[in-house]
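# Per-entry structural report
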Amino acid sequence: MLGRSANGIFWMFRYLERAENTARLLDAGFRMALTRGDSASAEEWRSVLVTMGLDQAYAARRSDYTGTQVCNFILRDKDNPGSVLAMIEGARTNARMVRTAITREVWEATNETWMTLKDMLSRPVRETNLGELLGTIRRQATYVRGAMDGTMLRNDIFNFARIGTFLERADNTARILDVKYHVLLPSVAWVGSSLDHVQWETVLRSVAGDRAYRWLNAGGMDARGIAAFLILDGRFPRSLAFCYEKLRSNMASLARAYGEETHAHELLRGAGARLHQTTIEQIVEAGLHEFIVDFIACNIDVANAIAQDYRFTD
């Protein structure tokens, strides 16, 4: 399965993962904004836009960062091609394009997700229904992923779906970590303060890692420990190490299926080796921001190499 079909599966699951990640990030931002004053709340909402790469597009249309306006822009604004509604439509369009390559259950789950969210997002989002909407986005994305896991053959179709998912997930976790250091904290003076701890908890919540981290660390909230957890802990399904281990596994399956490795395999091996051979002390000493910037660039290179090697552009 090359070219158009591989591209459809790959982007279908990237869009679904991105929509779920966006819902989690908005939920964390909403919770954080509720605990702070108006000016600080505006900064929290701006940090959500920065994480998603939408700050400039939003600023070109609006000058104030209120929760309602930011949420509507991210979730349903027709002028925002990166909205959740556009992502879900993109996922359904790609699913329809590869309809014969996926099971009926996967198609029905995707189509139901699109119908449900299109209806909910046909009306302006308010704070009173934001929680319900974000919960629905998370559940529907999980529904599609569950249909894939439960009904699809473990073949190249399944591998491309998983590769799209984990590339997107790794990118999201990395960007959230980077924004924490450059947007969330108002100044270096706040490092180690109660505000710092609350914001790190927000980071964990935005990647659904707050409970898992507390289980492993007896509830302690330590910035270095959280960074290590999200970067290097292979037990957590949204850590960079976990995502790249799954990418390695699925790419290895593709190599066996097609009888050869590609340039993308080489890039992935190098990225995985760097994650396994480094420590959080080395990362912090060299600079967390620098590490994350390099990781994001490498992740993009891997995605582009996969597209080229398997002729997504055909």
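I will try to describe carefully the structure that is included in this document. (Residues numbered from 1 in each chain as written. Predicted model: local features only at pLDDT ≥ 70, side-chain atom pairs only at ≥ 80, totals over all residues. Heavy atoms only, no water.)

In terms of helices and strands, the chain carries 15 helices and zero strands. The C-alpha radius of gyration computed for the chain amounts to 19 Å, which stays within 12% of the reference 20 Å derived for 314 residues, consistent with globular compactness. The proportion of buried residues among the 314 residues of the chain is 54%. Of the roughly 14400 Å² of accessible surface on the chain, a fraction of 50% belongs to carbon and sulfur atoms. Seen as two clouds, the 38 positive and the 38 negative side-chain charges of the chain have centres 6 Å apart. (Helix = DSSP H or I, 4+ residues; strand = E, 2+ residues; numbered from the N terminus. Rg over C-alpha atoms; globule rule 2.2 N^0.38 Å. Buried < 20%, exposed > 50% of the residue type's maximum accessible area, 1.4 Å probe, protein only. Areas by Shrake-Rupley, 256 points an atom, 1.4 Å probe, with all protein chains shown as cover. Lys, Arg positive; Asp, Glu negative; His and termini not counted. Charge placed at Lys NZ, Arg CZ, Asp CG, Glu CD.)

Before going further, it helps to spend a moment on helix H13 (residues 263-277). Residues three or four positions apart in an α-helix share a direction because the helix packs 3.6 residues into each turn. For H13, with 15 residues, the first-to-last C-alpha span of 21 Å sits near the 21 Å given by 1.5 Å per residue. Buried-residue contacts for H13 involve helix H11 (223-232), helix H12 (240-258) and helix H15 (288-309). (Expected span 1.5 Å × (residues − 1). Contact = heavy atoms within 4.5 Å.)

Looking now at the packing of helix H5 (residues 84-97) against helix H6 (residues 104-120). The contact between H5 and H6 brings their axes to 9 Å, and the two run at 150 degrees. When the axis of H5 is compared with that of H6, the two are roughly antiparallel. Regarding H5 and H6, the two cross each other, and that crossing is left-handed. Where H5 approaches H6, its residues Leu85, Ile88, Glu89, Ala91, Arg92, Ala95 and Arg96 are matched on the opposing element by Trp107, Thr110, Asn111, Thr113, Trp114, Leu117 and Lys118. Residue classes in the contact of H5 with H6 are distributed as seven nonpolar, three polar and four charged. (Axes fitted to C-alpha atoms, helices over the stretch in contact; angles between N-to-C directions. Parallel < 35°, antiparallel > 145°, perpendicular 65-115°, else oblique. Left-handed = near helix turned anticlockwise from the far one by under 90°. Nonpolar A, V, L, I, M, F, W, Y, C, P; charged D, E, K, R; others polar.)

In total, this model carries ten aromatic pairs according to the counting rule given. Their ring planes at 80 degrees and their centres at 5.4 Å tell us that Phe160 and Tyr310 sit as a pair that is edge-to-face. You can see Phe160 sitting in helix H8 (residues 156-184) and its partner Tyr310 sitting in the segment after H15, a full 150 residues away along the chain. For Phe160, a relative accessible area of 0% corresponds to the buried category. One aromatic cluster is present, formed by Phe10, Trp11 and Tyr15 through successive ring pairs. It is Arg92 that lies over the ring of Trp114; its NZ or CZ is 3.9 Å from the centre. Its guanidinium or amino end placed over the ring of Phe158, Arg154 lies 4.1 Å from that ring's centre, counting from NZ or CZ. (Phe/Tyr/Trp six-rings, centres within 6.5 Å; stacked < 30°, edge-to-face > 60°. Lys NZ or Arg CZ within 6 Å of the ring centre and 35° of its normal.)

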